[in-house]
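Descriptive structure summary
These are the residues of each chain, in order.
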Amino acid sequence: MFTNKTVIVTGASQGIGKSIAEHFAAENARVIGLDVEPVELEGVEYRKCDVGNFDEVITVFKKINDDYGAIHTLINNAGISTFKSIWEVDEKEWNHVLDTNLKSVFICSREAARYMTEDIRSIINMTSTRAFMSEPNTETYSASKGGIYALTHSLAATFSEQGIRVNSIAPGWIHTGDKEDLREVDHQQHWSRRVGETADIARACLFLSNPQNSFITAECLNIDGGMTRKMIYEH
């Protein structure tokens, strides 16, 4: 399915992005990770790129096309979070989060779409359940993820004429550290009876990129163990 297909994953050096890159590499895809701090990962080619910078993104996507031809799948995963009091957020921090999380989705999607001239033609954007539900002092992150949710269906409409599907995934609690750090109550508060793993998101990316699922576009897939559907009251 993905053998020799060019798959680009932003923010692929760690966490969810790393797992996504590994899963596509296991399917024999040509995986290219874009990150400001590239790492060595078997089966993944890394290129240094600030995905929130228009000039860098335009340059790197053109180079990928020059080297390998058509781009088949793009996973917009790069993201940062800074949770602090609303009274402490300055303009530099606001811009940094929005540039990295949201602007990157716009410019990477646009540049990938230029070179999606063959089959698959799939873009997947990583939003968050925080686009729909909140805790205090999460304004910068929530704004960026809510923007990604809206941008996804806008891009799906625009790119439909090119046969490009655009979907998003909204992860809930996805644990990226040692499992020993988790408590039993952390697992049991989910209807799934466990906290999410990075592989849960990676497998969903494989599913949404599969051209057999071509009827799915402009959709957001919540992967959160049921938490966004759970009523929580103090009894």
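Attention here is on the structure that accompanies the text. Just so it is clear, the model here is predicted, and its values are computed rather than measured.

So, how was this worked out
Residues numbered from 1 in each chain as written. Predicted model: local features only at pLDDT ≥ 70, side-chain atom pairs only at ≥ 80, totals over all residues. Heavy atoms only, no water. Buried < 20%, exposed > 50% of the residue type's maximum accessible area, 1.4 Å probe, protein only. Helix = DSSP H or I, 4+ residues; strand = E, 2+ residues; numbered from the N terminus. Pairing = 2+ DSSP bridges. Right-handed = clockwise from strand over helix to strand, strands pointing away. Axes fitted to C-alpha atoms, helices over the stretch in contact; angles between N-to-C directions. Parallel < 35°, antiparallel > 145°, perpendicular 65-115°, else oblique. Left-handed = near helix turned anticlockwise from the far one by under 90°. Contact = heavy atoms within 4.5 Å. Nonpolar A, V, L, I, M, F, W, Y, C, P; charged D, E, K, R; others polar. Expected span 1.5 Å × (residues − 1).

Some points on the pairing of strand 2 (residues 30-35)
- With respect to burial, strand 2 is a largely interior element, 5 of its 6 residues being buried.
- Examined bridge by bridge, strand 1 (residues 6-10) and strand 2 share 5 bridges and lie parallel to one another. Within the sheet, the bridge partner assigned to valine 9 lies in strand 2 and is glycine 33.
- What joins strand 1 to strand 2 is helix 1 (residues 15-26), and the crossover it makes is right-handed.
- Where strand 2 meets strand 3 (residues 44-48), 5 bridges bridge the pair, whose relative direction is parallel. Its bridge partner lying in strand 3, leucine 34 is registered against arginine 47.

Notes on the packing of helix 2 (residues 54-68) against helix 3 (residues 91-114)
- Interaxial distance between helix 2 and helix 3 falls to 9 Å at its minimum, and their mutual angle equals 30°. It follows that helix 2 is roughly parallel to helix 3 by the angle criterion. In this structure, helix 2 meets helix 3 at a crossing whose hand is right-handed. On helix 3, the residues touching Phe54, Val57, Ile58 and Phe61 of helix 2 are Lys103, Phe106, Ile107, Cys108, Arg110, Glu111 and Ala112.
- Looking at the contact of helix 2 with helix 3 residue by residue, the classes come out as 8 nonpolar, no polar and 3 charged.

Considerations on the sheet that holds strand 9 (residues 220-223)
- If you walk across this open sheet you meet the 7 strands as 3-2-1-4-5-6-9, and the pairing is parallel. Both edges of this open sheet fall to strand 3 and strand 9, since each of them pairs with a single strand only. Going across the sheet, the axis of each strand differs from the next one's by a mean of 20°, ignoring polarity.

Considering unusual backbone geometry
- Unusually for a residue other than glycine, asparagine 137 sits at a positive phi of about 65°.
- The topology assignment puts asparagine 137 in the loop between strand 5 (122-126) and helix 4 (139-159).
- Positive phi, close to 65°, is recorded for arginine 193, a residue that is not glycine.

A look at helix 1
- When the terminal C-alpha atoms of helix 1 are compared, their 17 Å separation across 12 residues agrees well with the 16 Å that a helix rising 1.5 Å per residue should span.
- Within helix 1, the full set of buried residues consists of Ile16, Gly17, Ser19, Ile20, Ala21, Phe24 and Ala25.
- Residue asparagine 28 follows helix 1 closely and has a positive phi angle near 70°.

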